[in-house]
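A structural walkthrough
Listed below are the residues making up each chain.
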Amino acid sequence: MTNVTPIELIVTCVGSGDAFHSGGRLHSCYHLTWGEAQFLLDCGASSPAGFMRCGIHADQLDVVIVSHLHGDHFGGIPYLLLAGKYLHRRTRPLLCIGPEGLQQRVEQVFNALYPGVLADGLGFAVTYRVLDSAAAVAVQGARISCVPVVHGGGAQAFGIRVEIGGRSVSYSGDTEWTEQLPLLAQGSDLFVCECFSYDQPTPGHLDYVTLLREKERFSTQRLVLSHLGPQLLERADQLELELLYDGARLWL
Ligand SMILES: [Zn+2]
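For clarity, every value in this text was computed on a predicted model and none was experimentally measured. (Residues numbered from 1 in each chain as written. Predicted model: local features only at pLDDT ≥ 70, side-chain atom pairs only at ≥ 80, totals over all residues.)

1. Side note on the overall build of the protein
Along the protein, the regular secondary structure elements total eight helices and 14 strands. In summary, the protein has a C-alpha radius of gyration of 17 Å against a globular reference of 18 Å for 252 residues, a match within 12%. Classification of the 252 residues of the protein by burial places 45% in the buried group. A separation of at least 24 residues holds for 63% of the contacts in the protein among residues at least 6 apart in sequence. (Helix = DSSP H or I, 4+ residues; strand = E, 2+ residues; numbered from the N terminus. Rg over C-alpha atoms; globule rule 2.2 N^0.38 Å. Buried ≥ 20, exposed ≤ 12 C-beta atoms within 10 Å, placed from the backbone. Contact = placed C-beta atoms within 7 Å.)

2. Quick word on the environment of Ser133
Considering the arrangement of structural elements, one finds Ser133 in the loop between strand E6 (126–130) and strand E7 (137–139). Considering only alpha carbons, one finds Ser133 and Ile144, eleven residues apart in sequence, at a separation of 10.0 Å. Sequence-distant contacts of Ser133, that is, excluding residues within four places in its chain, are made with Cys146, Val147, Pro148 and Phe158.

3. Overview of helix H4 (residues 102–113)
Helix length check: H4, at twelve residues, gives a terminal C-alpha distance of 17 Å against a target of 16 Å (1.5 Å per residue), a fit within 8%. Those residues of H4 not exposed but buried are Leu102, Arg105 and Val106. The buried residues of H4 all sit within an arc of 100 degrees when viewed along its axis, so they share a single face. With respect to the buried face of H4, the exposed residues turned more than 90 degrees away are Gln104, Gln108 and Ala112. (Expected span 1.5 Å × (residues − 1). Arc of directions from axis to C-beta.)

4. Some points on the sheet that holds strand E3 (residues 37–41)
Across the sheet, seven strands lie side by side as E6-E5-E4-E3-E2-E1-E14; this open sheet has mixed pairing. Of all the strands in the sheet, just E6 and strand E14 (249–251) have a single pairing partner and so form its edges. The mean inter-strand angle of the sheet, taken between neighbouring strand axes irrespective of direction, is 20 degrees. Of the strands in this sheet, strand E1 (9–15) and strand E2 (29–34) are in contact with helix H1 (residues 47–54), which crosses E1 at around 125 degrees. (Pairing = 2+ DSSP bridges. Axes fitted to C-alpha atoms, helices over the stretch in contact; angles between N-to-C directions.)

5. Details of the pairing of strand E8 (residues 142–149)
Within a regular strand, side chains alternate between the sheet's two faces. Sheet analysis places E7 next to E8, joined by three bridges and oriented antiparallel. What sits directly across from Val137, in E8, is Ile144. Hairpin connection between E7 and E8: a loop of two residues separates the two successive antiparallel strands, and Gln140 in this loop has a positive phi of roughly 50 degrees. Direction of pairing for E8 relative to strand E9 (residues 157–164): antiparallel, over a ladder of seven bridges. Looking across to E9, one finds that Ile144 is bridged to Val162.

6. Focus on the pairing of strand E10 (residues 167–171)
Of all five residues making up E10, five are buried, and the element is well covered by its neighbours. Neither face of E10 is left uncovered, since the one carrying Arg167, Val169 and Tyr171 and the one carrying Ser168 and Ser170 both have all their residues buried. Of the pairings in the sheet, the one linking E9 to E10 comprises five bridges and is antiparallel in character. Bridge assignment links Ile164 to a residue of E10, and that residue is Arg167. A loop of two residues connects E9 with E10, the two strands running antiparallel in sequence, and Gly165 in this loop sits at a positive phi of about 55 degrees. As paired strands, E10 and strand E11 (residues 190–194) are joined by three bridges and run parallel to one another. Its bridge partner being in E11, Val169 is matched across the sheet by Leu190. The β-α-β motif built from E10, the intervening helix H6 (residues 180–185) and the parallel element E11 has right-handed crossover chirality. (Right-handed = clockwise from strand over helix to strand, strands pointing away.)

7. Description of the nonpolar core
Core analysis: the biggest nonpolar cluster contains 62 residues, and Tyr30, Leu32, Val64, Ile65, Val192 and Cys195 have the highest contact counts within it. Counting residues per element, this core draws most heavily on E9, which supplies five residues. Discounting residues that sit within four places of it in the chain, Tyr30 has contacts with Val11, Cys13, Val14, Leu41, Asp42, Tyr171 and Val192. (Core = buried A, V, L, I, M, F, W, Y, C linked by C-beta atoms within 7 Å.)

8. A short note on unusual backbone geometry
One non-glycine residue, His21, lies in positive phi territory at about 60 degrees. In this fold, His21 is placed in the loop between E1 and E2. Of note in the backbone geometry, Arg89 takes a positive phi value of approximately 50 degrees without being a glycine. Here Arg89 shows up in the loop between helix H3 (77–86) and strand E5 (94–98).

9. Concerning the sheet that holds strand E13 (residues 242–243)
Pairing in this open sheet of seven strands is mixed, and the strands run E7-E8-E9-E10-E11-E12-E13 from one edge to the other. A strand with exactly one partner marks an edge of an open sheet, and here the two such strands are E7 and E13.

Note that all results are geometric; they support no functional claim without further evidence.
The following block contains the structure:
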């Protein structure tokens, strides 16, 4: 009998910051690799700088999953497409999965920033699929499911779960407290949960005191906090729960 080393799921935190780049942190973006498969969970406007810092080859990304339609979560996609056309001469297709309206929002932003480029053609196919909490998506050997969470963006916001190779990563996206969160985290190897403030209630966001109170309800192997705002970062060295940082790499 031969021993086969299982493939690890590697999660790289490209950006752990809030919308304001508090603490100099980049916008939300998490890169997942399992063997040849590569996924992005969110792609905020500053994410392409993070790809370069983390040694991620953006031209090899196949799938981008977007939690909600705010710029610190999807605003990097136009730059990913722009680099695909001019920098990488990309031919590999790209699949973007997200809330209803993702395609229109990406194209509006792209056309505002670089008029005429989309109309000229990118040289590679970009397809879009709509997230639906009633139906998981199977792509590149992964099962991608979602739950509705409580946040803005002009469309339903989602928490996302990616299951691949017997491992699972749950990601809250941006949300205030919802009973969907323990369900999302249930049995996962990693739960990346947003935590914008320490104790200041902020509509559409979570705070540390709430998560500390509720943490036993997350049946995950590892809870990490991200999307860190200024009030939380002031206390970063005094906290019990683990904080992510830009460039962090986790092996599952
Ligand atoms: Zn955000």
